[in-house]
Amino acid sequence: MVRRLRLSAPPLSLARSGERNTVNQILLRVGLTVLATLALTGPACAAAPRVHALVDVNVVTRPGEVLTNATVILRDGKIEAVGKSDRIDIPAEARRFSGENWWVYAGFIESWHEHAMPEPALPDRDGPPEDPGLPGPGSDHVRLHPEWRVVDGLVLEEGERQKLREAGLTVAALMPDHGVLAGTAALVQLGDVTPQESVLRAELGAVARLRPRRGLGPDRYPASIMGAISAVRQALIDAAFRAGQDEDERGFDPPREALLPVVAGARPMIFDPGALVIEGRVAEICAEAGLRGVMLGTGGEWRRPGIVPRDVGLIMPLDFTDAPDLPEDEDWVQVSLDELRAWDLDPSNLALLAEAQLEFAVTTRGLDEPTQLLARLRDAGDRGLNEQVAVAALTTVPARIWGLADFGTVERGGRAYPTVLAGGSLFDAAASVEMVFVDGEPFTVGETEPAGETEEPPDEEKTWTRTAHFPADDRGPLSEPAALILRDATLCTPVPLAVLAPASLLLASCLIPALGVHRDAPYHALVIYWTCT
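Residues numbered from 1 in each chain as written. Predicted model: local features only at pLDDT ≥ 70, side-chain atom pairs only at ≥ 80, totals over all residues. Heavy atoms only, no water.

Asks: Can you tell me about a nonpolar patch on the surface, naming the residues and giving the values?
Replies: On the surface, Leu-507, Ile-512 and Leu-515 cluster together into a nonpolar patch covering about 230 Å² of accessible area. Assignment of secondary structure puts Leu-507 in strand 18 (residues 498-508). (Patch = residues over 30% accessible without salt bridge, like charges linked within 9 Å, V, L, I, M, F, W, Y side chains within 5 Å. Areas by Shrake-Rupley, 256 points an atom, 1.4 Å probe, with all protein chains shown as cover. Salt bridge = Lys/Arg side-chain N within 4 Å of Asp/Glu carboxyl O. Helix = DSSP H or I, 4+ residues; strand = E, 2+ residues; numbered from the N terminus.)

Structure representation (structure tokens):
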């Protein structure tokens with residue numbers, strides 16, 4: 001409470017007081033009044049210090065490095081000190097936070113959060129065909145608008161920020177939600193601040209979606225995957241050509257101008273391939289144009305791990321295929337083999353990528369709620385994903401992908417964005433998000449159950465443990481005989497040209513040692529009879 005002080009003094013008049021009220025006396029009285037007022041009201045009016053202390057906690061300073069019984073001091077948005085509690089002096093003005101079995105991590109980073117962009121105002125069918133339906137100068141095509149920026153229309157509702165914080169997330173990369181050349185992404189913090197104050201990177205990178213959506217009609221170029229890839233390649237070629245022009249030759253061309261930092265390597269090209277078979281094309285586009293690439297995975301990389309590019313930043317989704325919910329056992333025959341394999345192997349995807357020495361970040365994109373994040377990571381952990389790799393996927397790897405030098409670790413001088421779990425470490429079933437700090441400001445989440453968790457089956461049903469493996473690991477030849485003879489077949493020989501029927505063909509050591517109308521089979525040969533009905 002601010003205490004008010006009213007001081008009274010006899011009126012002063014230089015004309016009537018003569019020598020008693022000199023200028024010095026007036027200044028003295030005014031000065032005493034000001035000092036007395038500040039003495040009584042100053043402490044109450046002063047702003048509360050932004051100093052916080054997390055005391056007697058477990059601190060994961062970086063993936064694989066843990067300090068127990070530690071203290072973290074945060075001051076004015078920075079990490080001031082980290083160390084053992086008996087070696088850290090807690091400032092008297094600090095607000096203390098502590099709890100049983102608390103674990104402190106660097107703030108989790110959301111690497112792909114889709115942000116709604118304005119829909120193009122498509123012209124009527126009778127309008128000019130060259131009008132793409134976009135306001136102002138820009139591209140000739142409604143799906144190609146790299147000059148759009150997420151930050152220009154940035155509005156992140158409080159409810160949306162709150163849900164992300166409840167998942168332990170403190171920073172989010174916002175991606176434009178439609179278009180082939182969709183626009184420029186932005187990086188924001190998730191505190192309760194104005195849109196202007198929330199922006200950490202106004203221009204994070206240009207986003208390209210290689211699988212166009214169908215909503216704008218098939219006549220809207222590019223409407224196919226082939227057309228999208230061609231359009232992206234051509235746009236990069238045009239931007240590279242523009243980069244080599246003099247300033248007075250360039251003219252006004254916002255779409256190509258927006259891609260100049262990308263072709264110069266100052267910002268990455270961010271790809272959403274939309275299909276597993278297109279991931280290899282991402283690597284080819286980046287190599288062709290000399291780009292620094294970032295790619296959103298499909299979650300099905302276990303199908304063909306060999307085509308996953310190694311020279312781009314990977315962001316992997318956690319929207320694993322759910323088990324089919326069928327009322328009768330007989331209905332299972334209607335479920336396709338591919339759907340059964342996806343349900344079985346999707347949770348193994350991250351462990352398989354880690355086994356292949358691929359680094360990746362993770363995203364909540366595709367989940368029903370962001371708070372399913374921890375539960376899905378634990379599902380991946382049950383299939384062999386190492387907890388240290390999971391921590392890196394939320395902290396150090398996305399910080400490296402987006403060029404955030406002072407994020408991703410809990411170290412002195414870093415940004416004050418820690419995430420606090422209560423009840424255990426990341427993979428502990430009892431752990432939940434307790435609180436997060438965004439730019440040094442605390443946001444308490446409380447003891448909430450992670451969304452998407454299912455009831456634990458009875459102990460008697462837990463008879464085996466799943467581990468990650470590629471489907472091809474279970475495949476192999478049905479038999480590997482030393483020799484094989486094919487009987488009763490019709491054989492066509494090119495030199496000399498002849499047809500033998502019925503004939504026999506002997507295969508041994510990848511060679512054909514004999515063929516003819518009748519051949520005796522070696523005792524160790526596998527005999528196959530060729531019959532047609």
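Picking up where we left off.
Asks: Quick one: what's the story with the sheet that holds strand 18, residue by residue and with numbers?
Replies: Within a sheet, each strand pairs with its neighbour through backbone hydrogen bonds, oriented either parallel or antiparallel. Taken in spatial order, the four strands of this open sheet run 19-18-17-20, and their pairing is mixed. A single partner strand is all that each edge strand has here, and the edge strands are strand 19 (511-516) and strand 20 (525-529). Geometrically, the sheet is characterised by an average inter-axis angle of 35° between neighbouring strands, direction not taken into account. One ladder, built from five bridges, connects strand 17 (residues 483-493) with strand 20; its direction is parallel. Counted as the bridge partner of Ala-483 is Ala-525 from strand 20. (Pairing = 2+ DSSP bridges. Axes fitted to C-alpha atoms, helices over the stretch in contact; angles between N-to-C directions.)

Asks: Got a sec to walk through the pattern of salt bridges? Specific residues and values, please.
Replies: Summed over all chains, the structure comprises 28 salt bridges. Note that Glu-247 and Arg-250 form a salt bridge whose closest N and O atoms lie 3.5 Å from each other. Residue Glu-247 and its partner Arg-250 are both found in helix 6 (residues 247-250); the two are separated by three residues, about one turn of the helix. The partner of Arg-303 in a salt bridge is Asp-338, with the nearest N and O atoms 2.5 Å apart. Of this pair, Arg-303 sits in the loop between strand 11 (293-296) and strand 12 (313-317) while Asp-338 sits in helix 10 (residues 337-345), and the two are 35 residues apart along the sequence. The structure contains a network of salt bridges with shared partners spanning Glu-114, Arg-209, Asp-272 and Arg-365.

Asks: So what about the nonpolar core? Which residues, and what values?
Replies: Counting residues in each nonpolar core, the largest one holds 97 residues, and the members touching the most others are Met-269, Phe-271, Leu-377, Trp-402 and Leu-426. With seven residues, the single largest contributor to this core is helix 5 (residues 225-243). When neighbours within four sequence positions are excluded, Phe-271 is seen to be in contact with Trp-112, Ala-208, Leu-210, Val-232, Val-282, Ile-285, Cys-286, Leu-291, Val-294, Met-295 and Leu-296. Counting 17 residues, the second largest nonpolar core, distinct from the first, contains Ile-79, Phe-97, Ala-106 and Met-435. (Core = buried A, V, L, I, M, F, W, Y, C linked by side-chain atoms within 4.5 Å. Buried < 20%, exposed > 50% of the residue type's maximum accessible area, 1.4 Å probe, protein only. Contact = heavy atoms within 4.5 Å.)

Asks: Could you give an account of the confidence of the model for the chain, naming the residues involved and the relevant values?
Replies: When pLDDT is averaged across the chain, the result is 83; 78% of the residues are at 70 or more. Low pLDDT, under 50, characterises residues 1-21; the predicted model gives this stretch 21 contacts beyond four residues in sequence or across chains. Of the regions scoring below 50 in pLDDT, residues 448-458 engages in 13 contacts with residues more than four places distant in sequence or in other chains. (pLDDT = per-residue confidence, 0-100.)

Asks: How would you explain the sheet that holds strand 12 if you had to name every residue and give the values?
Replies: Taken together, eight strands build an open sheet; the order of strands is 6-7-8-9-10-11-12-13 and the sheet is mixed. One side of each edge strand has no neighbouring strand; the edge strands of this open sheet are strand 6 (108-115) and strand 13 (360-363). Strand-to-strand, the axes of this sheet are offset by a mean angle of 30°, without reference to chain direction. Direction of pairing for strand 9 (residues 199-209) relative to strand 10 (residues 269-272): parallel, over a ladder of four bridges. The residue of strand 10 that forms the bridge with Arg-209 is Asp-272. Helix-sheet contacts for helix 5 involve strand 8 (181-189), strand 9 and strand 10, and the interaxial angle to strand 10 is about 175°.

Asks: Tell me about the side chain of Thr-364, residues and numbers included.
Replies: In this structure, Thr-364 sits in the loop between strand 13 and helix 12 (373-382). The class of Thr-364 is buried, set by a relative accessible area of 8%. There is a polar contact of 2.3 Å between the side chain of Thr-364 and the side chain of Glu-110. When near neighbours in sequence (up to four residues on either side) are disregarded, Thr-364 contacts Glu-110, Leu-169, Pro-370 and Leu-373. (Polar contact = N/O pair within 3.5 Å; in protein donor to acceptor, adjacent residues only side chain to side chain.)

Asks: Pulling in residues and values, what's your account of unusual backbone geometry?
Replies: The backbone phi angle of Asp-56 is positive, close to 55°, even though this residue is not glycine. Here Asp-56 shows up in strand 1 (residues 51-62). When its relative accessible area of 47% is taken as the criterion, Asp-56 is described as partly exposed. At Asp-488, a position not held by glycine, the phi torsion is positive, near 60°.

Asks: If you had to explain helix 3 (residues 158-166) to someone new, which residues and values would you point to?
Replies: Listed in full, the buried residues belonging to helix 3 are Arg-161, Leu-164 and Arg-165. Taken end-on, helix 3 shows its buried residues confined to a sector of 100°, consistent with a single buried face. Its buried side turned inward, helix 3 meets strand 6, strand 7 (169-176), strand 15 (432-438) and strand 16 (441-444). Phi for Gly-168, located one or two positions after helix 3, is positive at around 90°. (Arc of directions from axis to C-beta.)

Asks: How would you summarise the packing of aromatic side chains if you had to cite specific residues and measurements?
Replies: Scanning all chains against the criterion turns up three aromatic pairs. Aromatic pair Phe-97 and Phe-437: ring centres 5.6 Å apart, planes at 90°, arrangement edge-to-face. Highlighted residues: Phe-97 in strand 4 (residues 95-97) and Phe-437 in strand 15, separated in sequence by 340 residues. Both residues of the pair, Phe-97 and Phe-437, count as buried. For Arg-165, the ring lying beneath its charged end belongs to Phe-443, and the centroid distance is 4.3 Å. (Phe/Tyr/Trp six-rings, centres within 6.5 Å; stacked < 30°, edge-to-face > 60°. Lys NZ or Arg CZ within 6 Å of the ring centre and 35° of its normal.)

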